[in-house]
Amino acid sequence: MDTKNIMIVGVGGQGTLLASKVLGHVLLGQGYDVKVSEVHGMSQRGGSVVTYVRYGEKVYSPVIDKGEADVIVSFELLEAARWLEYVKPEGQIITNTQEVEPMPVIIGAAEYPRDLAEKMRAAGAKVDAEDFLALAGEAGSAKAVNIVLMGRLSRYFPEIGIDAWEEALEACVPKKFLELNKKAFALGR
Amino acid sequence: MKELMLGNKAVARGLYEAACAVISSYPGTPSTEITEEAALYDEIYCEWAPNEKVALEVAHGASLGGLRSACAMKHVGLNVAADPLFTISYQGLNAGLVICVADDPGMHSSQNEQDSRHYARAAKVPMLEPADSEEARLFTIKAYELSEKFNTPVFVKMCTRVAHSQSVVEPGQRVCPPRAPYVKDQGKVMMTVNSRNAHVRVEERTRALTAYAEDCELNRVEMGDTALGIITSSTSYQYAKEVFGDKASILKLGMTWPLPEKLLRDFAGKVDRVVVLEELDPIIEDHCRKLGIAVSGKELFPICGEFSQNLVRACMGQEEPKTLSIADAIPPRPPVMCAGCPHRGIFYTLKKQKCMVYGDIGCYTLGAVAPLNAMDLNVCMGASCSGLHGFNLAMGAEGERHSVGVIGDSTFIHSGITGITDIAYNMTNSTIIILDNSITGMTGHQQNPTTGKNLRGEPAGKVDLEALCRAVGFRRVRVVDPYNLARVDAVLKEELAAAEPSVIISRRPCVMIKGTVHKAPLKVNTEKCAGCKSCMRIGCPAIAVRDKKAVIDTTLCVGCGVCTQMCRFDALESGEV
Ligand SMILES: Cc1ncc(C[n+]2csc(CCOP(=O)(O)OP(=O)(O)O)c2C)c(N)n1
Ligand code: SF4
Ligand code: SF4
């Protein structure tokens, strides 16, 4: 089996690290070799953040390069567009439609591009865009958007059973938030 | 049982399994989690030291006392620890001593991209370079074996991609060697004849380690197609495998100092063409050339920045994957100070008073980005104090009236105390602002000697910053609340005008410290708001003006009230009920 590549992108502080933890747990449980690579430090202060998740028989590089991602999961629309070059032409983008203005936009030094989902589709990308933040709110907390997104990601892996995901949630999420996160997962799926 | 483990956590696991008992470190991305994860084992004493020099000396002291010890730091930390490093290399040990150093090719969180391998060679200290988490665990254990066998500290060199990647690890058991008793040995006093003898021993040790490198398990050959041979190490090995698989033969060096000779020659003899794939400086490459082995290296690959599989593909003339793109310019998303960050009020005032700001390293370095743009430069930890003194020596009274050094609490303890001592002793009329946010923010919120808590969060000694500044000779020491803009403005004016040096301590905890109580987010009174954007000048990410009205992002705002002081129409109202 060729190595498969999933990128999780977003804005520092949005909870991308928990998403990659859950995903890594699921994939390891399926018996794959797995590498998860994330950048800590400066970018966690509201900067653009990316996590690379790779799995297969034997994974070498810890990072995913341009044109290599099978799936990009984005917590924010502009970030999906920023990392567009990384998706394979036949790959899948799953993106939250939430827009978080970066500082250059807030202070009027740059513009937030319009209609990004449509433009990415026009460029040939498969884009699954939805207001996942609203679904997280429905589950009980905006913070659960990471797990809502994992729920949607699970749709694209029919070969992995729901129990594997639930088991990963149990292992990675604090007990008192487990029910909320299970609900968030189900809403995303 | 197999588990996914962060590279740094795997180093900590290795330290635990090797029965390391004392760790003294100073935080620094991407090395910090080594010590934080090790602290989760009750069997290991872990502390944050004031800086890396102290950390290494503490770890060495513990080794002399008979316990396996370690310290962890980022690459630039090794500059600070270099002084003890070179002589500890001569002096030797009692129990094993491992120095974990993490480089940051690509400078994800660093001010430079120096290559730590130079230190291994310069200080004649062996260096092991793991390429994934399991190797990080195993090499750390191996490092103790080598340390004790060869009586030398041993480096475990990480880089961002190994330190901050999770890969599969199979943890082992902790094995405790018998404790080495302390025996007084006059030969350990490093002067004249002892040092001369020690240097001779070090050269002999290097010869023995070179012989060890020839056939040790740390260095391995993976033969594939023999048209191309790649000599590589660390994460570069992973890129080589990713791109070439078994279409090339690979010599993977797990020990990058000292380097073998025969192993390299033999490998080169088995392949048609040799390429050295190494990030940053051409260290393995230069060594090969010195041995007369024909290789290509930096004529193909860059010295600057980090590698990736596409970079290797491009440099080796291979096709890169196809990509999609859109025409729109994507605005950058640089990191910013958090909403409610106590540093913000200081930088706003410095900008307003048009000060020359000699900055330093920490979250407050973000005072340099738009819209504040309030920092002129920074160099290394502590330079804000000493550098400002030098600047004022050149600029005279004109400089002194308009310049400040700005330094965080952790950075001040690390290297600022000597700098302000120089100001007080040699008397420039310099003004230093200590940003006391009760934490080491940038590296992920570690305790430090000013916070009154130790690494585990337990009560500990606490530096009295005011008393310390007075003790080194400052008579003018002021404390301000950075949320009070008018007060900050007045105090800064007074201290810049004063006829002697001053320290201003800006005191307010970082809003991201767990347990900090926040106020309710502000409310915008849309009737009063004139859409003038005055509030935007402080650059808080929680506030924006849309359709001519201020809007507060209630998920971010902590109600600090700094923006309300900017508004002439009282349109930003407290959300407290
Ligand atoms: C010699 C050296 N060691 C470690 C670091 C990593 N480092 C960067 S900023 C920082 C801490 C800054 O803490 P503080 O001064 O309290 O400022 P804050 O981030 O809390 O604003 C550290 C440890 C470094 N850059 N240089
Ligand atoms: S973590 Fe603390 S010190 Fe750093 S930017 Fe945020 S509030 Fe400021
Ligand atoms: S009160 Fe104003 S400055 Fe403070 S966090 Fe809220 S929006 Fe930002």
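Residues numbered from 1 in each chain as written. Chains lettered and ligands numbered in written order. Predicted model: local features only at pLDDT ≥ 70, side-chain atom pairs only at ≥ 80, totals over all residues. Heavy atoms only, no water.

Undergrad: Help me get a handle on the site of ligand 3, residues and values and all.
TA: Residues and elements named next belong to chain B. Every one of the 13 residues lining ligand 3 counts as a neighbour, but Cys540, Cys557, Cys560, Gly561 and Cys563 are closest to it. Judged by its atoms lying within 2 Å of the grid points, ligand 3 is housed in the largest cavity. Of the residues that constitute the shell around ligand 3, the class distribution is 10 nonpolar, 3 polar and no charged. (Near = heavy atom within 4 Å. 1 Å grid on protein atoms, 1.4 Å probe; cavity = no way out; pocket = protein on both sides within 12 Å on 5 of 7 lines; lining within 4 Å. Sits in = over half its atoms within 2 Å of the grid points. Nonpolar A, V, L, I, M, F, W, Y, C, P; charged D, E, K, R; others polar.)

Undergrad: Quick one: what's the story with the interface of chain A and chain B, residue by residue and with numbers?
TA: Residue-level contacts link 56 residues of chain A with 56 residues of chain B. Buried surface at the junction of chain A and chain B, both sides included, amounts to about 4700 Å², of which 62% is carbon and sulfur. Our enumeration of links across chain A and chain B arrives at 6 salt bridges. Across the salt bridge formed by Glu68(A) and Arg313(B), the nearest N and O atoms sit 2.8 Å from each other. Between chain A and chain B we count 19 residue pairs in polar contact (both at pLDDT 80 or more) in total. Of all elements in the fold, only α1 (16-29), β2 (33-38), β3 (48-56), α2 (77-82), β5 (87-96), α3 (103-106) and α4 (116-122) of chain A reach the threshold of two or more residues within the side of chain A that touches chain B. It is β2(A) that contributes the most residues to the side of chain A that touches chain B, 6 residues altogether. Residue composition of the side of chain A that touches chain B, grouped by class: 29 nonpolar, 11 polar and 16 charged. (Contact = heavy atoms within 4.5 Å. Buried area = accessible area lost by both parts, 1.4 Å probe. Salt bridge = Lys/Arg side-chain N within 4 Å of Asp/Glu carboxyl O. Polar contact = N/O pair within 3.5 Å; in protein donor to acceptor, adjacent residues only side chain to side chain. Helix = DSSP H or I, 4+ residues; strand = E, 2+ residues; numbered from the N terminus.)

Undergrad: So what's going on with the nonpolar core? Which residues, and what values?
TA: All names here are of chain B. One finds Phe347 and Leu350 to be the most contacted residues of the largest nonpolar core, which totals 71 residues. Each of domain 3 (343-507) and domain 4 (523-573) accounts for three or more of the residues forming this core. Not counting the four nearest positions on each side in its chain, Leu350 is found in contact with Cys355, Val357, Val404, Val406, Ile433 and Leu492. (Core = buried A, V, L, I, M, F, W, Y, C linked by side-chain atoms within 4.5 Å. Buried < 20%, exposed > 50% of the residue type's maximum accessible area, 1.4 Å probe, protein only. Domains from an automatic or database assignment.)

Undergrad: How would you summarise the packing of helix α5 (residues 132-139) of chain A against helix α6 (residues 145-155) of chain A if you had to cite specific residues and measurements?
TA: Residue and element names in this part refer to chain A. Packing of α5 against α6 brings their axes to within 8 Å, and their N-to-C directions diverge by 110°. Taken as axis vectors, α5 and α6 run roughly perpendicular relative to one another. Viewed along their axes, α5 and α6 form a crossing whose handedness is right-handed. Taking contact as the criterion, the partners of Phe132, Leu133, Leu135 and Ala136 in α5 are, on α6, Val145, Val148, Leu149 and Arg152. (Axes fitted to C-alpha atoms, helices over the stretch in contact; angles between N-to-C directions. Parallel < 35°, antiparallel > 145°, perpendicular 65-115°, else oblique. Left-handed = near helix turned anticlockwise from the far one by under 90°.)

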